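# Observations on chain architecture
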Amino acid sequence: MSGEELSKLIDRLEKVTSRLEQCSTSGKAVASSPSTEEESLFVKEFDVIISGPLAEFLAASGKIGGLVNEQASLLEKAIKAQRSYINTASKSKKPTSQEAIQKLMQPMATQITAIMDLKEKNRKSNLFNHLSALAEGVAALGWVGVEPTPVPFIKDMADAGMFYVNRVLKEFKDKGAEHVQWTKAIQSLWKDLSAYVKQHHLTGLTWNPSGGDALTVAASQSSAAPPPPGPPPPPGPPPPGPPPAAVSSKPATDTGALFADLNKGSAVTSGELRINMSIIYACMLYTIDYVRWVQNGYRASSLFLESLSQLLTGETL
């Protein structure tokens, strides 16, 4: 090798060394965070759930109509709110405060609570099993607050609704094809959601360690133009909405205040399992008592059990 060739080789080595040192001091590893393409991919994959199994469930609910269709519309809002939350996560660092996470989850929690309230206000309905199936299973949307095993959590919550799904099947198997289709649609929805989470969020919701502040990103998204509309709703005018909460015999519940109280305590834990209290409490409100929670293998904090017990017995938190 000539002296000139050796000199060029040394120059190249020095440049490579310099680049490696820059990468080391910056603390940024190429594999440490998902690329923008990967982040947008898992948001787009969630859109497949909205245009696929959710649309099918909405269509099946529209054929039944009445309260079932009304409750399905609330689910659509909850899942679209979850889509916004996932989109925020793809562009943001994970918030370090419970208050920030609670604020980001509030739109989703509001719709989940409304789904459960609708069931409670219509216990005498001949479609009560339909309402209960969704009100029990909708807790599966709480996967966004579960680490590191959100997939088993979805299954546990979906299984809670299967008791009522089977009741619907038993009642309408020979006299209502639209009801049988409805049971297939709701099971398909939770199954596809579980598969999506397993593929893209196996140990918990994926955040972007190189992203911005989550609240700032969420605010910018809410002020931006809305995404393209989803599939058209089933034909026919919607039924009248539920009566105002004030006429209900059940005392009004300040969900925000309950969230704030619960977040003062320690998170629900079981070994490495960490669950965000805000969304899980909303999901469990009225429907999943602490006995079932413990039977499913999750240990709740004493503050959680005390607060939930007070709610179930009608005491004031």
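Below or above, wherever it landed, is the structure these notes cover. (Residues numbered from 1 in each chain as written. Predicted model: local features only at pLDDT ≥ 70, side-chain atom pairs only at ≥ 80, totals over all residues. Heavy atoms only, no water.)

With that settled, consider the overall build of the protein chain. Tallying secondary structure elements over the protein chain gives 12 helices and three strands in all. Residue pairs in contact within the protein chain that sit at least 24 positions apart in sequence constitute 78% of those at least 6 positions apart. (Helix = DSSP H or I, 4+ residues; strand = E, 2+ residues; numbered from the N terminus. Contact = heavy atoms within 4.5 Å.)

All right, on to the nonpolar core then. Looking at soluble globular proteins, one finds that nonpolar side chains tend to be buried together. Counting residues in each nonpolar core, the largest one holds 60 residues, and the members touching the most others are Leu 75, Trp 143, Trp 190 and Leu 193. Elements represented by at least two residues in this core include exactly helix 2 (36–64), helix 3 (66–90), helix 4 (98–120), helix 5 (128–137), helix 6 (150–172), helix 7 (177–200) and helix 8 (214–223). Excluding residues within four positions of it along the chain, Leu 193 makes contact with Phe 46, Ile 49, Gln 82, Ala 140, Leu 141, Trp 143 and Ile 154. (Core = buried A, V, L, I, M, F, W, Y, C linked by side-chain atoms within 4.5 Å. Buried < 20%, exposed > 50% of the residue type's maximum accessible area, 1.4 Å probe, protein only.)

Moving on to the packing of helix 5 against helix 7. Running from N to C, helix 5 and helix 7 cross one another at 0°; their axes reach a closest spacing of 12 Å. Of the possible angle classes, the one that applies to helix 5 and helix 7 is roughly parallel. Only His 179, Trp 182, Ile 186 and Trp 190 of helix 7 make contact with helix 5, whose side of the interface consists of His 130, Ala 133, Leu 134 and Gly 137. Taken together, the residues of the contact of helix 5 with helix 7 sort by class into five nonpolar, three polar and no charged. (Axes fitted to C-alpha atoms, helices over the stretch in contact; angles between N-to-C directions. Parallel < 35°, antiparallel > 145°, perpendicular 65-115°, else oblique. Nonpolar A, V, L, I, M, F, W, Y, C, P; charged D, E, K, R; others polar.)

Along the chain, Ile 49 turns up in helix 2. Sequence-wise, Ile 49 and Tyr 196 are 147 residues apart; in three dimensions their C-alpha atoms are separated by 8.4 Å. For Ile 49, the residues in contact, after removing those within four places along its chain, are Leu 54, Leu 189, Asp 192, Leu 193 and Tyr 196.

Let us now look at the packing of aromatic side chains. Here the distance between the centres and the angle between the planes together describe a pair of aromatic rings. Going through the model one piece at a time under the given rule, you end up with five aromatic pairs. Consider the rings of Trp 143 and Tyr 196, whose centres lie 6.5 Å apart with planes at 75°: the pair is edge-to-face. Of this pair, Trp 143 sits in the loop between helix 5 and strand 1 (146–147) while Tyr 196 is found in helix 7, placing the two residues 53 residues apart along the sequence. Aromatic side chains Phe 163 and Tyr 164 sit 5.0 Å apart centroid to centroid with 90° between the ring planes, which places their arrangement in the edge-to-face category. Residue class for Phe 163 comes out partly exposed when judged on its relative accessible area of 46%. Judged by its relative accessible area of 17%, Tyr 164 is buried. (Phe/Tyr/Trp six-rings, centres within 6.5 Å; stacked < 30°, edge-to-face > 60°.)

Purely geometric numbers; function is a separate question.
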